[in-house]
Amino acid sequence: MRHFLTVSDRFCMFNVGTISQKAFWKILKSRLVPEVLEGIVRVLLVRQPNGRPRMDFWVQRRVSGDIKNALYMKARHRREGTKVDYQLPLYKLKKIWKPNAETSAWRLDMYRNWRDRPLTAHPLREEDRLTRPRLVMTLNVNGLNGKMAELQQLLADQTVAVAAIQETLIRDYDYLLKFNDYTVYSRPATKGFRGQALLVHKSYPSYVASDNGDGHYLHVRVARLHGGAPWHIIAVYLPSGGNTRSERTRSFTMVKKLYKQILAKEKDAKILVLGDFNLPRHMLEKRIDSERSGMQCVEIRGSNLTFHRANTKWSAIDHMIASPWAKTLLTHARVQREWSTSSDHFPLTSTFRGIDPDQELDVPPVRYRFDTDLIKGHAKDIVFSNRWQLLPTDPIEDAEELNDSVETFTSIITETAIDAGIKKQVLRSKPYWNRHLKRFMARLSHYKKEYA
């Protein structure tokens, strides 16, 4: 075995969850192409320094070249460069892998020694915290060709932490977007879509949280921004024009659905949706329906007009939407008309407030309610949950132990039900008036005006 390992290449599979080695091996047999499968020497479950599991497997070098070629890791790719990240989703590796829904979140990469180095926590110094970028910006650049240096200078001068960029006009086969000190998440321009990017300063760890097929939004989680838990940053670029109204509505509905899914899992999630919505503010406020969804537009100080094309009426189509928790940590937005940009849009910016992390925030409480129609279908998820192992099995001897057991039982059933989607957030709904009451209120309003 030791001889085979010395003439093999080691690969890592991430996001595998709590799968066992035996189950992982079965999936490899059913998903890998035969010529690669026959070269696997060993499979090993590894616990990473951050506590998350991964699966490592060794492949003989006579067949590992196919995997390296799919991962753009051969010498030719290193010489010529590549536009694809090394850590790839499996659906992009169809030459060696048969994709399916069960493994859609798995990521494959080669083993690197630094992956297993111990993690040491370095406390953030106060002077470092104050000097880190704190500005959030959205800007439609109207094409990045010839404007890369200008945008790079703008990001550096204004110390931008997160920037949502729309209408890049950079196609998939043009070149890779790169900005100094920034991690770039982008979608190329295609037919009917003009491209967008989300830039996150490298002082803030970030990663792609979810992927969507139509390319009208980017969802990234960013840590250490403000307020403890990572933020959900959703960069939006909705279709423009009257003939794309239905597509714009469909894309915005997907964003609202994503927002609700995040809140269902994290009731105190900090979510910021920003970008070019191609909708005026009054229409956007009507569509987000704050009373029901909880989404709130970030207030803009001064004029909110961002679109300023020559010989065209100025309009406000760039916006920021935040969850209740996120909104308390952001200042009022501003349209920066004094910044020099070669675009027909002004940048829209906001800044993280300088709030003490221990300060209590005035956020409306979140209420949940069981969906009784789903309990029967998800009964197994509740009964066989691993969380029940926390419930004590010793006989209860006094009232204090009884209260502790009740609290443990309540927390277990609540967490399990929320994860299974049985217990859902109660959203405030508009008051319902039947037709008789509506008619009476209209008549009352008419008489008030008539006899005033």
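Scroll up to find the structure this text is about.
Remember, it's a predicted structure, so these values are computed and weren't measured experimentally.

1. As for the overall build of the protein chain
Here is step 1 of the chain: A count of helices and strands for the protein chain gives 15 helices and 20 strands.
Here is step 2 of the chain: The burial tally for the protein chain puts 41% of its 452 residues in the buried class.
Here is step 3 of the chain: Counting contacts in the protein chain only where the partners sit at least 6 residues apart, residues at least 24 apart contribute 65% of the total.
Here is step 4 of the chain: For the protein chain, the accessible surface area stands at approximately 26,700 Å², while carbon and sulfur atoms represent 51% of it.

2. Description of the pattern of salt bridges
Here is step 1 of the chain: Summed over the entire model, instances satisfying the criterion amount to 11 salt bridges.
Here is step 2 of the chain: Across the pair Asp56 and Arg10 runs a salt bridge whose closest N-O atoms are separated by 2.7 Å. With Asp56 in strand 3 (residues 53-60) and Arg10 in strand 1 (residues 8-14), this residue pair connects regions lying 46 residues apart in the sequence. Grouping residues by exposure puts Asp56 and Arg10 together as buried.
Here is step 3 of the chain: Of the charged contacts in the structure, one is a salt bridge between Lys327 and Glu299, with a shortest N-O distance of 2.9 Å. Pair noted here: Lys327 is in helix 11 (residues 324-328) and Glu299 is in the loop between strand 14 (296-297) and strand 15 (300-301), with a separation of 28 residues, a long-range link.
Here is step 4 of the chain: Accessibility expressed as a relative area gives 34% for Glu299, which makes it partly exposed.

3. Considerations on the sheet that holds strand 8 (residues 182-187)
Here is step 1 of the chain: In spatial order, the strands read 8-9-7-6-18-17-15; together these 7 strands make up an open sheet with mixed pairing. Among the strands making up the open sheet, the edge pair consists of strand 8 and strand 15.
Here is step 2 of the chain: Relative to strand 17 (residues 333-335), strand 15 runs parallel, the two sharing 2 bridges. Bridged to Arg301 within strand 17 is Arg334.
Here is step 3 of the chain: Along the sheet, helix 7 (residues 148-157) contacts strand 6 (135-140), strand 7 (160-166), strand 8 and strand 9 (196-201); its crossing angle with strand 6, the most-contacted strand, is approximately 160 degrees.

4. Thoughts on a negative patch on the surface
Here is step 1 of the chain: Together, Asp394, Glu397, Asp398, Glu400, Glu401, Asp404 and Glu407 line one region of the surface with negative charge.
Here is step 2 of the chain: Residue placement: Asp398 occurs in the loop between helix 13 (379-383) and helix 14 (399-420).
Here is step 3 of the chain: Since its relative accessible area comes to 38%, Asp398 is described here as partly exposed.

5. Examining the packing of helix 8 (residues 245-265) against helix 9 (residues 281-288)
Here is step 1 of the chain: Following both chains from N to C, one finds helix 8 and helix 9 inclined at 50 degrees, their axes separated by 11 Å at the closest point. When the interaxial angle is binned, helix 8 and helix 9 end up oblique. Seen from above, helix 8 lies across helix 9 with right-handed handedness. Across the interface between the two elements, Thr249, Phe252 and Lys256 from helix 8 touch Leu284, Arg287 and Ile288 from helix 9.

6. Regarding the nonpolar core
Here is step 1 of the chain: With 29 residues, the main nonpolar core has Leu198, Leu225, Trp231, Ile233 and Leu272 as its most contacted residues.
Here is step 2 of the chain: Looking at this core, the elements with two or more residues in it are strand 7, strand 9, strand 11 (217-222), strand 12 (231-237), strand 13 (271-276), strand 16 (318-322) and strand 17.
Here is step 3 of the chain: Setting aside anything within four residues of it in sequence, one finds Ile233 in contact with Val162, Leu198, Leu218, His219, Val220, Val222, Leu225, Leu272 and Leu274.
Here is step 4 of the chain: Core analysis: the second largest hydrophobic core is formed by 22 residues, Phe11, Leu28, Leu32 and Trp97 among them.

7. Section: the side chain of Thr349
Here is step 1 of the chain: Among the secondary structure elements, Thr349 is positioned in strand 18 (residues 348-351).
Here is step 2 of the chain: Within the structure, Thr349 has its side chain in polar contact with the side chain of Gln336 (distance 2.9 Å).
Here is step 3 of the chain: If sequence neighbours within four positions are ignored, Thr349 has contacts with Leu135, Val136, Met137, Met320, His332, Ala333, Arg334, Gln336 and Trp339.

8. Some details on the environment of Gly17
Here is step 1 of the chain: Within the secondary structure layout, Gly17 lies in the loop between strand 1 and helix 2 (21-31).
Here is step 2 of the chain: Separated by 89 residues in the primary sequence, Gly17 and Trp106 have C-alpha atoms spaced 9.1 Å apart.

9. Digging into helix 8
Here is step 1 of the chain: Compared with an ideal rise of 1.5 Å per residue, which puts 21 residues at 30 Å, helix 8 spans 31 Å between its outermost C-alpha atoms and is within 8% of the ideal.
Here is step 2 of the chain: Every buried residue of helix 8 is listed here: Arg248, Ser251, Phe252, Val255, Leu258, Tyr259, Ile262 and Leu263. Along helix 8, the residues classed as buried sweep out an arc of 135 degrees about the axis, all on the same side. The exposed set on the far side of helix 8, more than 90 degrees from its buried face, consists of Ser246, Lys257 and Lys265.

Calculation criteria
- Residues numbered from 1 in each chain as written.
- Predicted model: local features only at pLDDT ≥ 70, side-chain atom pairs only at ≥ 80, totals over all residues.
- Heavy atoms only, no water.
- Helix = DSSP H or I, 4+ residues; strand = E, 2+ residues; numbered from the N terminus.
- Buried < 20%, exposed > 50% of the residue type's maximum accessible area, 1.4 Å probe, protein only.
- Contact = heavy atoms within 4.5 Å.
- Areas by Shrake-Rupley, 256 points an atom, 1.4 Å probe, with all protein chains shown as cover.
- Salt bridge = Lys/Arg side-chain N within 4 Å of Asp/Glu carboxyl O.
- Pairing = 2+ DSSP bridges.
- Axes fitted to C-alpha atoms, helices over the stretch in contact; angles between N-to-C directions.
- Patch = residues over 30% accessible without salt bridge, like charges linked within 9 Å, V, L, I, M, F, W, Y side chains within 5 Å.
- Lys, Arg positive; Asp, Glu negative; His and termini not counted.
- Charge placed at Lys NZ, Arg CZ, Asp CG, Glu CD.
- Parallel < 35°, antiparallel > 145°, perpendicular 65-115°, else oblique.
- Left-handed = near helix turned anticlockwise from the far one by under 90°.
- Core = buried A, V, L, I, M, F, W, Y, C linked by side-chain atoms within 4.5 Å.
- Polar contact = N/O pair within 3.5 Å; in protein donor to acceptor, adjacent residues only side chain to side chain.
- Expected span 1.5 Å × (residues − 1).
- Arc of directions from axis to C-beta.

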